[in-house]
Amino acid sequence: MLRYYTAGESHGEALVAFISGLPAGLKVDQDFLDRELWRRQQGYGRGGRMKIERDTAHILSGVRHGATIGSPIAIQLANRDWQNWQESLPVAAGDPAKHKRVASPRPGHADLAGALKYNFSEARYVLERASARESAARVAIGALAKLFLRELGIEVLSHVISVGAVILKTDISWEKIQSLQDHEQVILNCADAETEQKMKEEVDKILKTGDSLGGVFEVVAHHVPPGLGTYAQWDQRLDALLASAVMSLQAVKAVEIGAGVAAAYAPGSSVHDEIGYNGTDDKDSFTAFTRARNNAGGIEGGVSNGEEIRVRGYLKPISTLRRPLQSVDFASREPVKAAYERSDVCVVPAAGVAAESMVALTLAACALEKFGGDSMLETRRNFEGYCQQLKNY
């Protein structure tokens, strides 16, 4: 069973990610891990923190001589900004006078809810853990999940559908999404150059007002075999697992599988993906069954059906505004403006990269549950046997 979790604070010494359950013998590409972390830091509208941090995955355990060894993997991501926070966030008691309080909770953030839950007198500790900085640790272990899925021919990528009111109105092929990954500069990770320019202009307008922008990203998992997930139990349905994984990301407020939202307003005849059979041996397909379209987003009845899996995340605007909203002082209970800390204006492309990791981790967990294997040799053998079974169906 694949298990993973993270630890660390936004301005602490480091983030740490743990993952166990990956088979032995998976080749680990350090450059790929660091490239994934780089992708998460990119995008037009990012804040000053991205100029400070240069994330790299420091593997502490579970990988030797460039490959997994079957034991738990621990990865550390150092926070360069820690040098500015050692006296403010010490592990020991330290000097209370140097503590940097978050004196007033920010609307839309975890500040007030977290302070009430844990009985904190202010929101510093809430901010430190609830921050989206934590998602960097998920991207590190998500990169390992991607490397595992590649061994089965599965690729996971994302692109941006909308930023604020600017919406991409055309369907984007897998090939166009792939081409985005070759860019050495990430603007807004939109596959249509004209739309991306309009998105950039939208960010510029919001930047001048001191506000922030949300948007929609889409994660696409390509060449996923039918049979991952199950309809047998509610908590093992693949769509439910993916929705939970993507919703767990900071600022994501809604998740859509395929054409889920539009499907709610359309008749069944225009929604459900009609089935055909071509009877020929297509080496790129798992079976000879075909679909005229993919409104289901690659999942029917909680099970992958062999089509591309498409998951959209709807991201609310960042909660920290340079032009703060109304709030209340924790100590005096008097009306004040919400606290402000260095922040982004738009993070939709970065959120898409983090969501890729959550989708990859979910698919890797489902694949390991189905195919098993303590070594990559065993897992690939089981996978190839299943693929042959599908061909013979």
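Here the structure is shown first, and the text comes after it.
Residues numbered from 1 in each chain as written. Predicted model: local features only at pLDDT ≥ 70, side-chain atom pairs only at ≥ 80, totals over all residues. Heavy atoms only, no water.

**Concerning the sheet that holds strand β6 (residues 73-78)**
What counts is decided by this rule: One requirement defines pairing of two strands: DSSP has to find at least two bridges between them. Helix numbering and strand numbering both begin at the N terminus, where a helix is a DSSP run of H or I of at least 4 residues and a strand a DSSP run of E of at least 2. Angular values range over 0 to 180 degrees, each being the angle between N-to-C directions of two axes fitted as lines to C-alpha atoms, with helices fitted over their stretch in contact.
What the four strands build is an open sheet, ordered β1-β2-β6-β3; its pairing is antiparallel. This sheet does not close on itself; its edge strands, each paired only once, are β1 (3-7) and β3 (58-61). In this sheet, neighbouring strand axes are inclined to one another by 20° on average, regardless of whether the strands run parallel or antiparallel. Two strands pair when backbone bridges link them, and β3 and β6 are joined in this way by three bridges, in the antiparallel orientation. Pairing of S61 across the sheet is with A74, part of β6.

**Overview of the packing of helix α11 (residues 348-371) against helix α12 (residues 376-391)**
Helix-helix packing is described using two parameters, namely the angle between the two axes and the distance between the axes. Selection criterion: By the definition adopted for this analysis, an angle is roughly parallel if under 35 degrees, roughly antiparallel if over 145, roughly perpendicular if from 65 to 115, and oblique otherwise. Any two residues whose heavy atoms approach within 4.5 Å are treated as being in contact. Three classes are used: nonpolar for Ala, Val, Leu, Ile, Met, Phe, Trp, Tyr, Cys and Pro, charged for Asp, Glu, Lys and Arg, and polar for all others, with Gly counted as polar.
Two elements in contact, α11 and α12, have axes whose closest approach is 9 Å; the angle formed by their N-to-C orientations is 80°. Classified by the interaxial angle, the pair formed by α11 and α12 is roughly perpendicular. Taken together, the residues of α12 that come into contact with α11 (itself represented by L368, K370 and F371) are T379, N382, F383 and Y386. Per-class residue counts for the contact of α11 with α12 are four nonpolar, two polar and one charged.

**Things to note about the environment of R293**
Here is the rule: Only protein chains enter the calculation, and the probe is 1.4 Å; a residue is then buried if its accessible area is under 20% of its type maximum, exposed if over 50%, and partly exposed in between. Polar contact criterion, stated in full: a pair of N or O atoms within 3.5 Å, where within protein one must be able to donate a hydrogen and the other to accept it, and residues adjacent in sequence count only if both atoms are side-chain atoms.
Assignment of secondary structure puts R293 in the loop between β12 (289-291) and β13 (299-300). When its relative accessible area of 31% is taken as the criterion, R293 is described as partly exposed. Those residues in contact with R293 that lie beyond four places of it in its chain are S269, S270, V271, H272 and D273. Within polar-contact distance, the side chain of R293 engages the backbone oxygen of S269 at 3.0 Å.

**Considering the packing of helix α1 (residues 30-41) against helix α5 (residues 135-150)**
Rules: Helix crossings are classified by the rotation of the near helix relative to the far one: an anticlockwise turn of less than a right angle makes the crossing left-handed, while a clockwise turn makes it right-handed.
Put simply, α1 and α5 touch, their axes get as near as 9 Å, and they point 135° apart. Taken together, α1 and α5 sit at an angle that is classed as oblique. The chirality of how α1 crosses α5 is right-handed. Touching F32, L33, E36, L37, R39 and R40 of α1 are S135, A136, V139, A140, A143, L144, K146, L147 and R150, all from α5. Within the contact of α1 with α5, the residues separate by chemical class into nine nonpolar, one polar and five charged.

**Details of α11**
Note the following rule: Working rule for helices: expected span equals 1.5 Å times residues minus one.
Compared with an ideal rise of 1.5 Å per residue, which puts 24 residues at 34 Å, α11 spans 34 Å between its outermost C-alpha atoms and is within 8% of the ideal. Among the 24 residues of α11, 21 are classified as buried, and the element is accordingly described as predominantly covered.

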